[in-house]
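# Residue-level structure breakdown
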Amino acid sequence: MQGEWVSYWGDWEGRPFRVRVFPGGMTLSLDMHHKVRVYTYDATGRPWTFLLEGRVYRRALNGSMLVKWREPGGPRQRLRLPPEEARREEARAREYVAAWVQALRTGRARTRTPLPHRVWKLLERILAFDEARSREDAARYLQVYKPIGILPPDQYLSVVVQVTEGCSFNTCTFCTFYRDRPFRIKTPEALARHIQAVRDYLGEGLFLRRHLFLGDANALVVPMPRLLPLLEEVRRGFPEERFQEMYAFLDGFSGEKKSPEDYARLRALGLQRVYIGLESGDPDLLRFLRKPGTPQDAVHAVRAMKAGGLAVGVIVLLGAGGHRYAQGHVQHTVEVLRAMNLERGDLLYFSELVVTPEMPYARDALREGIRALTPEEQKAQMEAILKGLAYPKGGGPHVSKYDIREFVY
Ligand code: SF4
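Just so you know, these numbers come straight off a predicted model, no measurement behind them.

## Quick notes on the overall build of the chain
In terms of helices and strands, the chain carries eleven helices and 18 strands. Against the 2.2 N^0.38 benchmark of 22 Å for 409 residues, the chain shows a C-alpha radius of gyration of 23 Å, consistent with a compact globule. Seen along its three principal axes, the alpha-carbon backbone of the chain occupies a region of about 70 × 50 × 40 Å. Looking at the 409 residues of the chain, the share that counts as buried comes to 37%. Of all intrachain contacts in the chain linking residues separated by at least 6 positions in sequence, the fraction that spans at least 24 positions is 74%.

Here it is in structure tokens:
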């Protein structure tokens, strides 16, 4: 089943439907031309996404669900359903799919060409993925992984391999992703066990995904003599063509500095792009955020990566430091991004600052009387930075928003 995309069309009491099978999963588009319902499952029967009444439901491996929609003319809305509520949505979907399967079995629904055995097998797996199985799956995720807090938006479909756990800094006041764990570098033996556990857990659903992401926050701070055997272990563990490309964050720059030659060696092992949380080019703002390293460290890191043949994805934090730092944030971020010489193949992400009450940032901002930027002011900040950069049309990096509230693994 790997490698092929096949569609089967049919009719369910006057309502057309389509079954599409692809590497790692299957999509059922039911009630087409009417009130289309789209259900996608991975090849183990695990729910992946539903599209119902204009709302997208995306199940995370921890059993929660992100729901996204937009009312006509309104802003984008999102809601994260906790596992209990998510399981109710899964049950509703399963009931509908079960009714359709029953119709297929009794001849009230028909396909133009008979469904092959493998499709029936997938349908059985979908129906067998009941509430108990869903709970068990979410519990197993927590045995295989330390919860994955964030990925760059273009990496949501990657398979995460936690070469390291946590963040080696864990000081930034606006970041709570890794507060629950100490930084840890796996041994090659522990990594080999982790890789096997990831493969066993994702099962055939593995092939719904492409590429590998080396977790967690800064796997690339690992010194080269320890990093190379780890990446070789990753290579051995994922020999398939679709997993040849690797991606990673490098966050905080005061750790071990790698040379262009080091990055070229990592490139030879499959590393393609490194994502760098620059946040700002303003050293005063970085100090306020308690982000380790200086903007110049980030420029050196980017230059070394590019000289070593890697692409980069640089992340700027919109609204950081509110009004107090806004001017310096724009001015110095433009200077630093210019010095990085980002080009085609690189990414420039703008991530809106999202402050939750438990973040040290919330306390610091209150103490210093910092007024937050409104969404409109954050948008204007992004436009001011882009104006300062003046990338030529069709040149420069790909520019995009990075909304951490939309992350799902
Ligand atoms: S370096 Fe990155 S991952 Fe670590 S605490 Fe700061 S923002 Fe979070």
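## Here we look at the sheet that holds strand 6 (residues 55–59)
Spatial ordering of the open sheet is given by 8-7-6-5-4-3-2-1-9, a layout of nine strands whose pairing is antiparallel. At either end of the open sheet lies a strand with only one pairing partner, and these are strand 8 (76–81) and strand 9 (109–111). Across the sheet, the mean angle separating the axes of adjacent strands is 15° when strand polarity is ignored. In the packing of helix 1 (residues 83–106) onto the sheet, the strands contacted are strand 1 (6–12), strand 3 (25–30), strand 4 (37–42), strand 5 (47–52), strand 6, strand 7 (65–70), strand 8 and strand 9, and the crossing angle to strand 5 comes to about 80°.

## Some thoughts on the site of the ligand
Around the ligand, the surrounding shell holds 13 residues, and the nearest of these are C167, C172, C175, A217 and D251. Of the residues belonging to the shell around the ligand, the class tally is seven nonpolar, four polar and two charged.

## Description of the domain arrangement of the chain
Where the parts come together, the accessible area they lose is often given as the size of the interface. The domain architecture assigned to the chain consists of domain 1 (6–137) and domain 2 (145–406). With eleven residues of domain 1 in contact, the opposing surface of domain 2 contributes ten residues.

## Re the sheet that holds strand 18 (residues 398–402)
Strand-to-strand pairing in sheets goes through backbone hydrogen bonds, with the strands running parallel or antiparallel. Strand order in the open sheet formed by seven strands is 10-13-14-15-16-17-18, and the pairing between neighbours is parallel. With partners counted over all chains shown, the strands left at the sheet margins are strand 10 (159–162) and strand 18, one partner each. Neighbouring strand axes in the sheet, compared pairwise and without regard to direction, differ in orientation by 25° on average. Against the sheet, helix 11 (residues 375–389) contacts strand 16 (311–318), strand 17 (347–352) and strand 18, and its axis sits at roughly 135° relative to strand 16.

## Some thoughts on the nonpolar core
The biggest cluster of nonpolar side chains holds 98 residues, and the ones touching the most others in it are L212, V234, A248, V274, I276, V312 and V314. Of the residues that make up this core, three or more belong to each of domain 1 (6–137) and domain 2 (145–406). In contact with V234, not counting residues within four places along its chain, are V161, V163, I195, L212 and M246.

## Topic: the environment of R140
Within the element layout of this structure, R140 appears in helix 3 (residues 131–144). Between the C-alpha atoms of R140 and V101, which are 39 residues apart in sequence, the distance is 29 Å.

## Observations regarding helix 8 (residues 295–307)
A rise of 1.5 Å per residue sets the reference length of helix 8, with its 13 residues, at 18 Å; its end C-alpha atoms lie 18 Å apart and thus fit the reference within 8%. Those residues of helix 8 lying buried are P295, A298, V299, A301, V302, M305 and K306. What you see down the axis of helix 8 is that its buried residues fit within an arc of 165°, all on one side. Against strand 14 (246–250), helix 6 (260–268), strand 15 (271–279), helix 7 (283–289), strand 16 and helix 9 (322–340) lie the buried residues of helix 8. Positioned one or two residues after helix 8, G309 has a phi angle of 95°, which is positive.

## Structural notes on helix 9
Taken as a whole, helix 9 carries its principal kink of about 30° at G328. Each element contacted by the buried residues of helix 9 is listed here: strand 15, helix 7, helix 8, strand 16 and helix 11. Looking at the residues trailing helix 9, positive phi occurs at N341, about 50°.

## Details of the pairing of strand 8
As paired elements, strand 7 and strand 8 share six bridges and run antiparallel to each other. In the strand pairing of strand 8, K68 is matched with R78. Connecting the antiparallel pair strand 7 and strand 8 is a turn made up of five residues, with G73 showing a positive phi of about 75°.

## A few points about unusual backbone geometry
Backbone torsion omega between G215 and D216 reads -5°, so that peptide bond is classified as cis. Mapped onto the elements, D216 comes out in the loop between strand 13 (212–215) and helix 5 (224–237). Phi angles above zero are rare outside glycine, and E279 is one such case at about 65°. Note that E279 resides in strand 15. Unusually for a residue other than glycine, R290 sits at a positive phi of about 55°.

## What to know about the pairing of strand 7
Successive residues of a regular strand alternate their side chains across the two faces of the sheet. For strand 6 and strand 7, the ladder comprises four bridges, and the chain directions are antiparallel. Pairing of R59 across the sheet is with M65, part of strand 7. What sits between the antiparallel neighbours strand 6 and strand 7 is a turn of five residues, in which G63 has the positive phi angle 95°.

## What to know about the packing of helix 1 against helix 2 (residues 117–128)
In contact at an axis separation of 10 Å, helix 1 and helix 2 are set at 145° when each is read in the N-to-C sense. Note on packing geometry: the crossing formed by helix 1 with helix 2 is left-handed. Residue-level contacts link R94, V97, A98 and V101 of helix 1 to L123, I126 and L127 of helix 2. Classifying every residue of the contact of helix 1 with helix 2 gives six nonpolar, no polar and one charged.

## Thoughts on the packing of helix 1 against helix 3
Running from amino to carboxyl end, helix 1 crosses helix 3 at an angle of 135°, the nearest separation of the two axes being 10 Å. Compared by their axis directions, helix 1 and helix 3 come out oblique. Crossing handedness for the pair helix 1 and helix 3: right-handed. Residues P83, R87, E90 and A91 of helix 1 form the contact with helix 3, whose own contacting residues are E131, S134 and A138. In the contact of helix 1 with helix 3, the residues fall into three nonpolar, one polar and three charged.

Conventions and cut-offs
- Residues numbered from 1 in each chain as written.
- Predicted model: local features only at pLDDT ≥ 70, side-chain atom pairs only at ≥ 80, totals over all residues.
- Helix = DSSP H or I, 4+ residues; strand = E, 2+ residues; numbered from the N terminus.
- Rg over C-alpha atoms; globule rule 2.2 N^0.38 Å.
- Buried ≥ 20, exposed ≤ 12 C-beta atoms within 10 Å, placed from the backbone.
- Contact = placed C-beta atoms within 7 Å.
- Pairing = 2+ DSSP bridges.
- Axes fitted to C-alpha atoms, helices over the stretch in contact; angles between N-to-C directions.
- Near = placed C-beta within 6 Å.
- Nonpolar A, V, L, I, M, F, W, Y, C, P; charged D, E, K, R; others polar.
- Domains from an automatic or database assignment.
- Core = buried A, V, L, I, M, F, W, Y, C linked by C-beta atoms within 7 Å.
- Expected span 1.5 Å × (residues − 1).
- Arc of directions from axis to C-beta.
- Bend = angle between axes of the 7 residues up to and from the residue.
- Left-handed = near helix turned anticlockwise from the far one by under 90°.
- Parallel < 35°, antiparallel > 145°, perpendicular 65-115°, else oblique.

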